[in-house]
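Below are the chains, spelled out letter by letter.
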Amino acid sequence: MKKIVLIANWKMHHSQLSAQQYFTDFFSALEGISWEEAVQVGFAVPYTLLGLVRQTLQNKPARVLAQNVHHLDQGAFTGEISLAMLADLGIRATLIGHSERRQYFAENLETVNLKTKAALRAGFSPVLCIGESLSERQESKTKEVIERQLRSALNDISDHSNLIIAYEPIWAIGTGLAASPHQAQEVHQQIRALLASNYGTMHASRISLLYGGSVTPANLSSFLAQPDIDGALVGGASLQGESFAAMVKVARKSRKEQLS
Ligand code: PGA
C-alpha cells in the first residue's frame, strides 16, 4: 500500500527565522507518534529557504521541494532556477504548473510539458498540478480541461516513475471553499483512468494523486476516504507547524482505519 502523501505548499511565505520555528513546532507536535510508516511528508518552500530546510530535515523522514523550475540546465534566463541547480542543493522534487504559475506567470500547456519532461528525465519527482477554473466548471468543461491539461503535460513521456499529480480546482484554492470529496473523487477517478490508458492499470495505480484546494485538518479525512485520493497538497493550512502536524496525525489515523 502506498503511503499517504502530504505536501505543504508555503508559496511566498516564511523567513529563515520563522522556518526554524515552524519545524520546532511541527516536530514537537509529532513527538512520540510513529507517523513515518503511514505518511510521506514534503515541504515546497521558496527558493531562499531550500538550503536551510534541506539542512533542517537532513535526518528526518521528510522531503524538500521547490515550487517551480526551468526546464533547461543553464542559460541567459534572468531570475530562473534550473533542475541542475536544485540537484546541486540536494533537491530532487518540485511542484510544476501550479495554477498560480499559470495564472500570473504565463505558464502554459507547452512549458508545463517541457518542465515535467525535463524533471522526470533528471530523476526528479515532479508534482504536476492541474485543475479547472470556476467558469470552466460552471460550463461543465471540467472533464475536458483535465484531459487536455493531463495529456499535454504527459505528452512524449514514457518514464513516469516518481510522478505525482495534484488535482487543484482553481476555485477551491485559498477560498475556504474546498471541493466536496465526491467532486474531487470524480476527477481523481478520471485522472486515474487517463493514466491507465497511457501507462496501464498497474502503473496508474502506483501514481499518487493528491487533492488540493482549501484542505484543512478538519476536512482532510473526508478526502482521504475516497478510493482515488492518495494525499493532499496544502497551502494556507500548512503555514503553521502545528496545523500541518495535525494533518499528519489525521492522515496516520486514516491509514490505520483503512488497514483495520
Ligand atoms: P490552499 O492552497 O490550501 O490555501 O487552498 C492549495 C495550493 O494552492 O496548493
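Residues numbered from 1 in each chain as written. Predicted model: local features only at pLDDT ≥ 70, side-chain atom pairs only at ≥ 80, totals over all residues. Heavy atoms only, no water.

(A) Molecular detail of the site of the ligand. The environment of the ligand is formed by 13 residues, the closest being Lys-11, His-98, Glu-168, Gly-174 and Ser-214. One of the side-chain N or O atoms of Glu-168 is found 2.7 Å from an oxygen atom in the ligand. Gly-235 is positioned such that a nitrogen or oxygen atom in its backbone is 2.8 Å from an oxygen atom of the ligand. In isolation the ligand has 280 Å² of accessible area, and contact with the protein removes 96% of it. For the shell around the ligand, the per-class residue count stands at four nonpolar, seven polar and two charged. (Near = heavy atom within 4 Å. Polar contact = N/O pair within 3.5 Å; in protein donor to acceptor, adjacent residues only side chain to side chain. Areas by Shrake-Rupley, 256 points an atom, 1.4 Å probe, with all protein chains shown as cover. Nonpolar A, V, L, I, M, F, W, Y, C, P; charged D, E, K, R; others polar.)

(B) Examining the pairing of strand E2 (residues 39-44) more closely. Burial runs high along E2: five of the six residues are buried. Remark: the strand E1 (residues 4-9)/helix H1 (residues 16-29)/E2 crossover connection has right-handed handedness. The β-α-β motif built from E2, the intervening helix H2 (residues 50-56) and the parallel element strand E3 (residues 62-65) has right-handed crossover chirality. (Buried < 20%, exposed > 50% of the residue type's maximum accessible area, 1.4 Å probe, protein only. Helix = DSSP H or I, 4+ residues; strand = E, 2+ residues; numbered from the N terminus. Right-handed = clockwise from strand over helix to strand, strands pointing away.)

(C) Examining the packing of aromatic side chains more closely. Under the criterion given, the structure shown has 16 aromatic pairs. Plain terms: the ring middles of Trp-10 and Phe-43 are 6.3 Å apart, the flat faces sit at 70° to each other, and that makes the pair edge-to-face. Here the residue Trp-10 occupies a position in the loop between E1 and H1, and Phe-43 occupies one in strand E2, the gap between them amounting to 33 residues. Using a relative accessible area of 0% as the deciding quantity, one classes Trp-10 as buried. Measuring from ring centre to ring centre gives 4.3 Å for Tyr-211 and Phe-223, while their planes differ by 15°; the resulting arrangement is stacked. (Phe/Tyr/Trp six-rings, centres within 6.5 Å; stacked < 30°, edge-to-face > 60°.)

(D) Highlighting the sheet that holds strand E7 (residues 208-212). Taken in spatial order, the eight strands line up as E3-E2-E1-E8-E7-E6-E5-E4 in an open sheet, and their pairing is parallel. Across the chains shown, the open sheet's two edge strands, defined by having one partner strand only, are E3 and strand E4 (93-96). Taken pair by pair, the neighbouring strands of this sheet meet at an average axis angle of 20°, ignoring direction. Where E1 meets strand E8 (residues 231-234), four bridges bridge the pair, whose relative direction is parallel. Counted as the bridge partner of Ala-8 is Val-234 from E8. Each of strand E5 (125-130), strand E6 (164-167) and E7 is contacted by helix H8 (residues 181-199), which is oriented at about 150° to E7, the strand it contacts most. (Pairing = 2+ DSSP bridges. Axes fitted to C-alpha atoms, helices over the stretch in contact; angles between N-to-C directions. Contact = heavy atoms within 4.5 Å.)

(E) How the structure looks around the packing of H1 against helix H11 (residues 241-259). The geometry of H1 relative to H11 is characterised by a closest axis approach of 8 Å and an angle of 30° between their N-to-C directions. Considering the relative orientation of H1 and H11, their crossing is right-handed. Taken together, the residues of H11 that come into contact with H1 (itself represented by Tyr-22, Asp-25, Phe-26 and Ala-29) are Gly-241, Glu-242, Phe-244, Ala-245, Val-248 and Lys-249. By residue class, the composition of the contact of H1 with H11 is six nonpolar, one polar and three charged. (Left-handed = near helix turned anticlockwise from the far one by under 90°.)

Bear in mind that shape data such as this cannot, by itself, settle questions of function.
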